[in-house]
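# Survey of secondary and tertiary structure
If you want the building blocks of each chain, they are given just below.
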Amino acid sequence: MTAMEMPTTSRIPVAVIIPAYNASPYLAHTLQSVSDQTHKALEIVIIDDGSTDDTVSICRRFAADDPRIRILSTENRGVAAARNTGIEASKSDYIAFLDADDLWHPTYVERLLAALHPLPDAWGAVYALHRFIDTEGYCTRSGSSLNARDSILNRHLVFRFVGNGSGFMVRRAVVDKIGGYDPSYASRGIGGCEDFDFELRTAEHFKIETVPLGLVGYRSHSAAMSSDRSRMARSLLAVTERCIARNPQLPAFVVGCARASAHLYAFSKFAALKDWSSAATSLKHIYHHSPMLASGILARLILTKADRAKRRALSKIWPARQKKQKNLRKFEEIDPLLPLVGGWSRFRTKTLLSRLSEIDRSGECSTATSLLGRYVAPERSSTVKHPKV
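Numbers given for residues are sequential positions, taken from 1 along each chain in its written order. At least 70 in pLDDT is required for a residue's local features to be given in this predicted model, at least 80 for side-chain atom pairs to be given and counted, and no such filter applies to totals for whole chains, interfaces and linings, which use all residues. Working from all heavy atoms in the structure, the side-chain values ignore hydrogens and water.

Contact geometry of helix 9 (residues 194-203) with helix 10 (residues 229-246) gives a least axis separation of 9 Å together with a crossing angle of 20°. The pairing of helix 9 with helix 10 is recorded here as roughly parallel in orientation. Note on packing geometry: the crossing formed by helix 9 with helix 10 is right-handed. Here Phe196, Asp197, Leu200 and Arg201 of helix 9 come into contact with helix 10, specifically with Leu236, Val239, Thr240, Cys243 and Arg246. Three classes are used: nonpolar for Ala, Val, Leu, Ile, Met, Phe, Trp, Tyr, Cys and Pro, charged for Asp, Glu, Lys and Arg, and polar for all others, with Gly counted as polar. Each residue belonging to the contact of helix 9 with helix 10 can be placed in one class, and the counts come to five nonpolar, one polar and three charged. Between the N-to-C directions of two axes lies an angle of 0 to 180 degrees, each axis being a line fitted to C-alpha atoms and, for a helix, fitted only over the stretch in contact. For helices the rule is a DSSP run of H or I covering at least 4 residues; for strands it is a run of E covering at least 2, with both sets numbered from the N terminus onward. The scheme is simple: roughly parallel for angles under 35 degrees, roughly antiparallel for over 145, roughly perpendicular for 65 to 115, oblique for anything else. By the definition used in this description, the sense in which the near helix is turned from the far one sets the handedness, with an anticlockwise turn below a right angle giving left-handed and a clockwise turn giving right-handed. Here a residue-residue contact requires only that any non-hydrogen atoms of the pair lie within 4.5 Å.

Keep in mind that most residues, glycine aside, have a negative phi and that most peptide bonds are trans. The backbone phi angle of Arg160 is positive, close to 50°, even though this residue is not glycine. With respect to the helices and strands, Arg160 occurs in the loop between helix 6 (153-159) and strand 8 (168-171).

In summary, the pairing rule links any two rings of Phe, Tyr or Trp, Trp by its six-membered ring, whose centres are within 6.5 Å, and it sorts them by plane angle into stacked for under 30 degrees, edge-to-face for over 60 and tilted for everything else. This model, assessed by the stated rule, comprises eight aromatic pairs. On the basis of an interplanar angle of 15° and a centroid distance of 6.5 Å, the ring pair of Tyr127 and Phe161 is categorised as stacked. With Tyr127 in strand 6 (residues 123-133) and Phe161 in the loop between helix 6 and strand 8, the pair connects residues that are 34 residues apart, well separated along the chain. Take Tyr127 and Phe161: they sit in the same class, and that class is buried. Here Phe159 and Phe161 contribute two aromatic rings whose centre-to-centre distance is 5.8 Å and whose plane-to-plane angle is 10°, an arrangement assigned as stacked. You'll find Phe159 and Phe161 in the same group, each marked buried. Members of the aromatic cluster, joined through ring pairs, are Phe97, Phe168, Tyr181 and Phe198. Of note, Arg83 hangs over the ring of Tyr181, and the distance from its end group to the ring centre comes to 4.7 Å. Think of it in three bands: with a 1.4 Å probe and only protein chains considered, a residue is buried below 20% of the maximum accessible area for its type, exposed above 50%, and partly exposed in between. Over a ring means this: the NZ of a Lys or the CZ of an Arg is within 6 Å of the ring centre and within 35 degrees of the ring normal.

Now for the nonpolar core. Within soluble globular proteins, side chains that are nonpolar generally end up buried alongside one another. With 69 residues, the main nonpolar core has Tyr127, Val170 and Phe198 as its most contacted residues. It is helix 11 (residues 252-272) that contributes the most residues to this core, twelve residues altogether. Not counting residues up to four positions away in its chain, the partners in contact with Val170 are Asp93, Tyr94, Ile95, Phe97, Leu116, Gly124, Ala125, Val175 and Phe198. Nonpolar core, defined: a set of buried Ala, Val, Leu, Ile, Met, Phe, Trp, Tyr and Cys residues in which side-chain atoms within 4.5 Å join the residues together. Of all hydrophobic cores here, the second largest spans 35 residues; its members include Ile18, Ile44, Leu215 and Val216.

What makes a salt bridge here is a side-chain nitrogen of Lys or Arg within 4 Å of a carboxyl oxygen of Asp or Glu, nothing more. The final tally for this structure, using the stated rule, is 14 salt bridges. A salt bridge links Arg201 to Asp197, with the shortest nitrogen-to-oxygen separation between them at 2.8 Å. Taken together, the residues span about one helical turn, with Arg201 and Asp197 both in helix 9 at a distance of four residues. For Arg201, a relative accessible area of 11% corresponds to the buried category. On the basis of relative accessible area, Asp197 is assigned to the buried category, the value being 1%. Measuring nitrogen to oxygen at the nearest pair gives 2.9 Å for the salt bridge that ties Arg259 to Glu241. With Arg259 in helix 11 and Glu241 in helix 10, this pair connects stretches of sequence that are 18 residues apart. A relative accessible area of 32% means that Glu241 is categorised as partly exposed.

The structure is reproduced here in C-alpha cells:
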C-alpha cells in the first residue's frame, strides 16, 4: 500500500457483519481485533442469533466504548440468516464478514479495501488468506498459500481458496445482484458451507481480487460449526452440486474435478467419524474420477490405521514421551508479510490449477470445451499424468 492510496480509501465506510451465537469464549478477542483496525471508518453490526450465554453483555460492553457498534438481536435462525440481517441493516457500499470466533490482522480492512476500491465495478469482491489459531489465539499452522484472481469460478469451485467465512469483502452491488447468504442449508440441517456458496455465486457474476496474505486468524475449537464433520461434509457436497446445476455450461472436466474435490473432503470427514457407508460412497465418486487416486487414498487409510494400532500396542510396553512444547506465537504478533506455506497436494497440483486457469481465462463455454478435448484423453490413457491429491 502506498502513501498515495491512503487518502482515497481511509474515509470510505465499510460495514463489518458479525453473526454471534453463544460466542462468549472468543467474542471479546474478535471484537478487539475489529476495534484495532487501522481503517477506522467502520460500521460494525453484530447480530446476536438467539444466544443464551454472555454474548449480548460482551457486545454491550464494547458498544459502550465504541459508537460504531450496533447490536441486533434475533431468534436463532443460523449464520446465513444472521448475516443477511446484518447486510440489510448496514448502509456502507463495502461489506466485510467476520465470524465471532475468528480474528483479523489490524491491517485487514485497510489492505482489502485498497485492493478492491480502485478496480472497475466488474470486480465485485476481494479475499485474504488465513492462519489457523487455537483457543488461546496462538497460531498453530499456516493456511493454504494458494490463491487466484480475476474470473475464478472454475478454479474456486475446485480449490476453495478462501476456506472460511471471515476472509471475504464485497461491494454492495454484489448483494444487489446475487442476493444474500442462502439460509436453506441450515433449514435442511446441512449448514456450514454457506460462505462457499456465497463466494461461488459472486464468482459467477463478478471478477474477484485477492490479497494473498495471512490476514485472518481462523480458530479451531470443539464448539465451532466446522467441528461437526458430517454436517460440513454434506454441506460442501450440496453446495458443489448446486453450483454445477446453476452452471450447465461448465465443462465436464471441471465438473469431474469439482466433484472429486468435494468428495475428497467428505471422505476425510466421514472416515474420521468411522461412517464407513458414507465414506464408501464418496470413495466411489473419487474412483469414478480417478481410479489411481481412489486406490492411493484407500492404501493410505489402511497404512494409517496400521500405524495407529502399532503405536497403541507399543504404548502399553513403553510409556509415551512427553511432547515438547512448541514455540507458538500469538496471531497478532505475526508479520502478515511472512509467507504462507502449503496448499498443494496429490490432487491440488500446479498442473490442475494451470488447466483450470486456462478455462477461466477462456471465458466461453465453446473455448473451454475445446480445451477439454486436450485434457480428457491423456487422463483416460495414462493415470500417471492425472492430477493426484
